[in-house]
Amino acid sequence: MEHIVSVLDLFQSRGLTSMLTRKQQELLLFIHERMKESGVPPSFDEMKDALDLASKSGIHRLITALEERGFIRRLPNRARALEVIKLPEAYNPSLQRRGFSPSVIEGSLGKPQPVAAPAAPKPVADNGNSISVPVMGRIAAGVPISAIQNNTHDIVVPADMLGSGEHYALEVKGDSMIDAGIFDGDTVIIRNGSTASPGDIVVALVDDEEATLKRFRRKGASIALEAANPAYETRIFGPDRVKVQGKLVGLIRRYH
């Protein structure tokens, strides 16, 4: 496992792992190394122990995330049957890194990670009234989903929607913020930053693994992530478990 961690540190330093969180990377490389050694995937207990997780449910979640992102495949009708389809970009020098990557995408497992300087928003109209903003995948407005992916495409927004700072956009998945006027399928515009005031709607990274869109509150020394839908409970976390990755500054909705 020490060898795998050193490889991951190298990947992170080169910015080559933006599609996966650190735990996803650790599991992928652990499976890959074990299959190279023995030709057999590790058991769920071995994976749990290698990643120092408390339960196998976390392994199930990581495997599902890797499968959804196309890194592994579960083979039908065979116990413990996993196939590694591809590895992080450092294993394929022909892949090029893609520009803007706020740290909400990567996860850091409690360790500070260098955040690549995002590409400055670029005017797309001669009069400078429009700016292109990268859409960085999906964000959960509901039960947190696995940390989001890298730049999928760009959208053009009015410059006066943004103000100063660096921005990115996220497609909303879920209904926990509907009373704040944020619906499933909306696109939210986020100003990149690590601080928030009580009442701000923020992108929050929980335990360096799960990204969610919630209203930021403080409960004594703890942080509360508050939904805007009575069907969802407010979730309370210790201050070291939540990292603010930006604040909501705008919203785009399409009607079909």
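Bear in mind the structure is a predicted one, so any value in this text is a computation, not a measurement.

**Section: the overall build of the chain**
- Counting secondary structure elements, the chain contains 4 helices and 13 strands.
- Partitioning the intrachain contacts of the chain with sequence separation of at least 6 by distance along the chain shows that 61% fall at a separation of at least 24.
- Summed over its atoms, the accessible surface of the chain is roughly 12900 Å², and 50% of this surface lies on carbon and sulfur atoms.

**As for helix 4 (residues 56–68)**
- With 13 residues, helix 4 ought to run about 18 Å at 1.5 Å a step, and its terminal C-alpha atoms sit 18 Å apart, in line with that.
- Buried within helix 4 we find Gly58, Ile59, Leu62, Ile63, Ala65 and Leu66. Down the axis, helix 4 shows its buried residues gathered within 160° of arc, on one side only. In helix 4, the exposed positions that point more than 90 degrees away from the buried face belong to Ser57 and Glu68.
- Positive phi shows up at Gly70, right after helix 4, with a value of about 80°.

**Some thoughts on the pairing of strand 13 (residues 242–252)**
- Note that strand 8 (residues 187–191) and strand 13 share 5 bridges and pair antiparallel. Each residue of the ladder has a partner; that of Ile190, found in strand 13, is Leu248.
- Across 5 bridges, strand 9 (residues 201–206) lies against strand 13 in antiparallel orientation. Bridge pairing in strand 13 places Val202 opposite Lys247.

**Things to note about the packing of helix 2 (residues 22–38) against helix 4**
- Where helix 2 contacts helix 4, the axes come no closer than 10 Å and their chain directions differ by 85°. Regarding the angle of helix 2 to helix 4, the classification is roughly perpendicular. Of the residues in helix 4, those touching helix 2 at Lys23, Gln24, Leu27 and Leu28 are Ile59, Leu62, Ile63, Ala65 and Leu66.
- Grouping the constituent residues of the contact of helix 2 with helix 4 by class yields 7 nonpolar, 1 polar and 1 charged.

**A look at unusual backbone geometry**
- Of note, Asp52 is a non-glycine position whose phi angle comes to about 60°, a positive value.
- Note on Asp52: relative accessible area 69%, which makes it exposed.

**Regarding the nonpolar core**
- Counting residues in each nonpolar core, the largest one holds 17 residues, and the members touching the most others are Leu27, Leu28, Met47, Ile63 and Leu66.
- For this core, the secondary structure elements donating two or more residues are helix 2, helix 3 (44–51) and helix 4.
- With 5 residues, helix 2 is the single largest residue contributor to this core.

**Focus: the pattern of salt bridges**
- Scanning all chains against the criterion turns up 11 salt bridges.
- The salt bridge partner of Lys56 is Asp45, with a shortest N-O separation of 3.9 Å. On the criterion of sequence distance, the pair formed by Lys56 in helix 4 and Asp45 in helix 3 is long-range, its members being 11 residues apart.
- Glu226 is the salt-bridge partner of Arg217, the closest N and O atoms lying 3.4 Å from each other.
- Of the residues examined, Arg217 reaches a relative accessible area of 29% and is grouped as partly exposed.

**Considering the pairing of strand 8**
- Counting buried positions over the 5 residues of strand 8 gives 4, a clear majority of the element.
- The sheet contact formed by strand 7 (residues 167–173) and strand 8 spans 5 bridges and is antiparallel. Residue pairing in the sheet places Leu170 in a bridge with Val188 of strand 8.

**Side note on the confidence of the model for the chain**
- Looking at the chain as a whole, its pLDDT mean stands at 75, while 71% of the residues score no less than 70.
- Note on residues 2–18: pLDDT is under 50 here. Beyond four places in sequence and across chains, it has 36 contacts.
- Under a pLDDT of 50 for its full length, residues 103–127 has, in the predicted model, 60 contacts with residues more than four places off or in other chains.

Analysis parameters
- Residues numbered from 1 in each chain as written.
- Predicted model: local features only at pLDDT ≥ 70, side-chain atom pairs only at ≥ 80, totals over all residues.
- Heavy atoms only, no water.
- Helix = DSSP H or I, 4+ residues; strand = E, 2+ residues; numbered from the N terminus.
- Contact = heavy atoms within 4.5 Å.
- Areas by Shrake-Rupley, 256 points an atom, 1.4 Å probe, with all protein chains shown as cover.
- Expected span 1.5 Å × (residues − 1).
- Buried < 20%, exposed > 50% of the residue type's maximum accessible area, 1.4 Å probe, protein only.
- Arc of directions from axis to C-beta.
- Pairing = 2+ DSSP bridges.
- Axes fitted to C-alpha atoms, helices over the stretch in contact; angles between N-to-C directions.
- Parallel < 35°, antiparallel > 145°, perpendicular 65-115°, else oblique.
- Nonpolar A, V, L, I, M, F, W, Y, C, P; charged D, E, K, R; others polar.
- Core = buried A, V, L, I, M, F, W, Y, C linked by side-chain atoms within 4.5 Å.
- Salt bridge = Lys/Arg side-chain N within 4 Å of Asp/Glu carboxyl O.
- pLDDT = per-residue confidence, 0-100.

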